[in-house]
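What follows is each chain in one-letter form.
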Amino acid sequence: MRAAVTRSRGVMEVASVPEPGAPAPGQVLVHPEAVGLCGSDFHYFLGDIGTIEDPSVLYPRIQGHEAAGTIVAVGDGCPPQLAEGVRVALWPVHGCGTCYPCRIGRPNACTRLSLIGVHQEGALQEQLHVPAAQVFPVGDLDAPLAALIEPVSIAVRAVVRGRVADGERVVVLGAGPIGQALALAAFDRGAEVLVVDTVQSRLDHAEAIGADVLSPDGRLADAVREWAGDDGPEVVFEATGVPELTQTCVELVAQAGRVVVVSLSNDPAPLRIGDLPLKEVDVLGTSCCLSDEFATAVDIVSRRRDVAARLVTHEFPLAEAPRAIDYAMKNRTEVMKAVVRI
Ligand SMILES: [Zn+2]
Ligand SMILES: [Zn+2]
């Protein structure tokens with residue numbers, strides 16, 4: 001069967017790989033149909049992973065962690081809803097079960113985290129084995145839409161971390177796919193949302209979701225106060241990956257508010273530490289999501305499929321997966337979400 005294999009830093013090729021065969025007990029065999037590409041795929045593809053000194057250990061790897069597909073075979077002992085022909089989304093998270101985060105019910109922060117498409121082979125191939133606990137039936141959702149569930153699940157976790165509540169005012173810095181997903185997830189908890197970005201086409205997507213939008217010219221803080229009122233927004237999300245903007249989030253957020261950093265960056269940036277006690281701000285990280293949060297993401301994408309569908313802007317066949325990742329990396333303002341169809 002065919003797979004898109006990342007051979008080395010910046011080199012992906014479509015190649016023939018062995019079929020995985022029948023699933024073991026507790027596993028299903030999935031035929032991926034649609035796989036989204038995202039910023040973390042680009043980091044992996046380019047070997048730009050801060051904690052790893054020798055990027056060559058990353059390869060070869062079959063990438064792809066934002067995946068939807070159909071079940072083609074079911075191992076013994078799987079729950080009855082996981083039947084042949086059922087379309088599912090893949091929850092990529094697998095924790096070790098024994099480390100501190102796993103013991104307190106947070107396998108998404110496992111010290112030995114094993115993500116499909118990152119630490120183990122991913123979905124850019126025609127078949128793969130997946131533990132039953134990591135596949136979620138998606139009903140009649142189209143495959144490219146179902147591939148959006150994983151990025152939306154990141155946002156579901158982020159709004160849980162930020163304790164976003166009904167009627168609160170939420171600011172999202174960055175209108176990329178995660179920024180859009182944050183708007184969807186914050187709306188789902190009854191919040192008002194302002195999305196900030198400098199790229200108008202991205203703000204148009206956020207507006208279609210129902211967010212207020214802002215392209216900052218001049219003092220961002222003034223514009224945000226004008227939108228949120230004098231107290232400022234209760235929650236601010238950092239989804240740009242620009243390191244300096246974490247300080248901006250702390251400045252923008254209300255006293256006693258919450259800042260959630262969702263984006264990934266290897267670069268340090270100064271933070272005015274005194275702001276944290278002075279404002280009594282919670283600054284929170286967020287990683288992947290828990291199982292029930294993934295189920296919430298299935299629900300959100302199902303209910304808001306009309307606006308979610310707009311986010312899938314480009315599709316490529318598996319044979320063109322190397323071109324897909326190259327195109328998506330080089331045209332980040334044009335491409336909202338590129339999906340590889342398998
Ligand atoms: Zn992703
Ligand atoms: Zn663990």
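Everything below is about the structure printed above this text.
Residues numbered from 1 in each chain as written. Chains lettered and ligands numbered in written order. Predicted model: local features only at pLDDT ≥ 70, side-chain atom pairs only at ≥ 80, totals over all residues. Heavy atoms only, no water.

## Some thoughts on the coordination of the zinc ion (ligand 2)
Item 1. Looking at the zinc ion (ligand 2), one finds its protein donor set to be Cys96 (SG), Cys99 (SG), Cys102 (SG) and Cys110 (SG), positioned 2.3 to 2.4 Å from the metal centre.
Item 2. Summarised as a motif, the one-chain spacing of the donors to the zinc ion (ligand 2) is C-x2-C-x2-C-x7-C. Of the two residues examined, Cys102 and Cys110, each falls in the buried class. (Donors = N, O, S within 2.8 Å, 3.2 Å for Na, K, Ca; no water. Buried < 20%, exposed > 50% of the residue type's maximum accessible area, 1.4 Å probe, protein only.)

## Some thoughts on the packing of aromatic side chains
Item 1. Following the criterion strictly, the structure yields four aromatic pairs and no others.
Item 2. Taking the centre distance of 5.8 Å and the plane angle of 90° together, the rings of Tyr44 and Tyr59 count as edge-to-face. Note that Tyr44 is positioned in helix α1 (residues 39-45) and Tyr59 in the loop between α1 and β4 (61-62), a separation of 15 residues in sequence.
Item 3. Considering the side-chain rings of Phe316 and Tyr327, the 6.1 Å spacing of their centres and the 55° angle between planes classify their relative orientation as tilted. Note that Phe316 is positioned in strand β15 (residues 312-317) and Tyr327 in helix α12 (residues 321-330), a separation of 11 residues in sequence.
Item 4. Chaining the aromatic ring pairs together yields one cluster made of Trp91, Phe136 and Phe294. (Phe/Tyr/Trp six-rings, centres within 6.5 Å; stacked < 30°, edge-to-face > 60°. Helix = DSSP H or I, 4+ residues; strand = E, 2+ residues; numbered from the N terminus.)

## A look at the sheet that holds strand β10 (residues 192-196)
Backbone hydrogen bonds hold the strands of a sheet together, and the pairing may be parallel or antiparallel.
Item 1. If you walk across this open sheet you meet the six strands as β11-β10-β9-β12-β13-β14, and the pairing is parallel. The open sheet has two edge strands with one neighbour each: β11 (212-214) and β14 (282-285). Strand after strand, the sheet turns through a mean of 20° between neighbouring axes, direction not considered.
Item 2. Pairing of strand β9 (residues 169-173) with strand β12 (residues 235-238), which is carried by four bridges, proceeds in the parallel orientation. When the bridges of β12 are listed, Val172 appears paired with Phe237.
Item 3. The sheet strands contacting helix α5 (residues 177-188) are β9, β10 and β12, and the helix crosses β10 at an angle near 170°.
Item 4. Lying on the sheet, helix α6 (residues 200-209) is in contact with β10 and β11; it crosses β11 at an angle near 165°. (Pairing = 2+ DSSP bridges. Axes fitted to C-alpha atoms, helices over the stretch in contact; angles between N-to-C directions. Contact = heavy atoms within 4.5 Å.)

## Overview of the pattern of salt bridges
Item 1. One pass over the structure, following the stated rule, counts 18 salt bridges.
Item 2. The closest approach of N and O atoms between Arg303 and Asp188, which form a salt bridge, is 2.9 Å. Of this pair, Arg303 sits in helix α10 (residues 291-303) while Asp188 sits in helix α5, and the two are 115 residues apart along the sequence.
Item 3. Overall, Asp188 belongs to the partly exposed group, its relative accessible area being 32%.
Item 4. Two residues, Arg219 and Asp222, come together in a salt bridge whose shortest N-O distance is 3.5 Å.
Item 5. Classification of Arg219 by relative accessible area gives exposed; the value is 57%. (Salt bridge = Lys/Arg side-chain N within 4 Å of Asp/Glu carboxyl O.)

## A word on the coordination of the zinc ion (ligand 1)
Item 1. Taken together, Cys38 (SG), His65 (NE2) and Glu66 (OE) make up the full set of protein donors to the zinc ion (ligand 1), lying 2.1 to 2.2 Å away.
Item 2. In primary-sequence terms, the residues that donate to the zinc ion (ligand 1) follow C-x26-H-E. Of this pair, Cys38 sits in the loop between β3 (27-37) and α1 while His65 sits in the loop between β4 and β5 (66-74); the two residues are 27 residues apart in sequence, bridging distant segments of the chain. In this pair, the class of Cys38 matches that of His65, namely buried.

## Regarding the packing of α5 against α6
Item 1. Where α5 meets α6, the axes come as close as 10 Å, and the angle between the chain directions of the two elements is 15°. In terms of axis orientation, α5 runs roughly parallel to α6. Our pair here, α5 against α6, has a crossing hand that is right-handed. Each of Pro177, Gln180, Ala183, Leu184 and Phe187 in α5 lies in contact with α6, whose residues at this interface are Arg202, His205, Ala206 and Ile209.
Item 2. For the contact of α5 with α6, a count of residues per class yields six nonpolar, two polar and one charged. (Parallel < 35°, antiparallel > 145°, perpendicular 65-115°, else oblique. Left-handed = near helix turned anticlockwise from the far one by under 90°. Nonpolar A, V, L, I, M, F, W, Y, C, P; charged D, E, K, R; others polar.)

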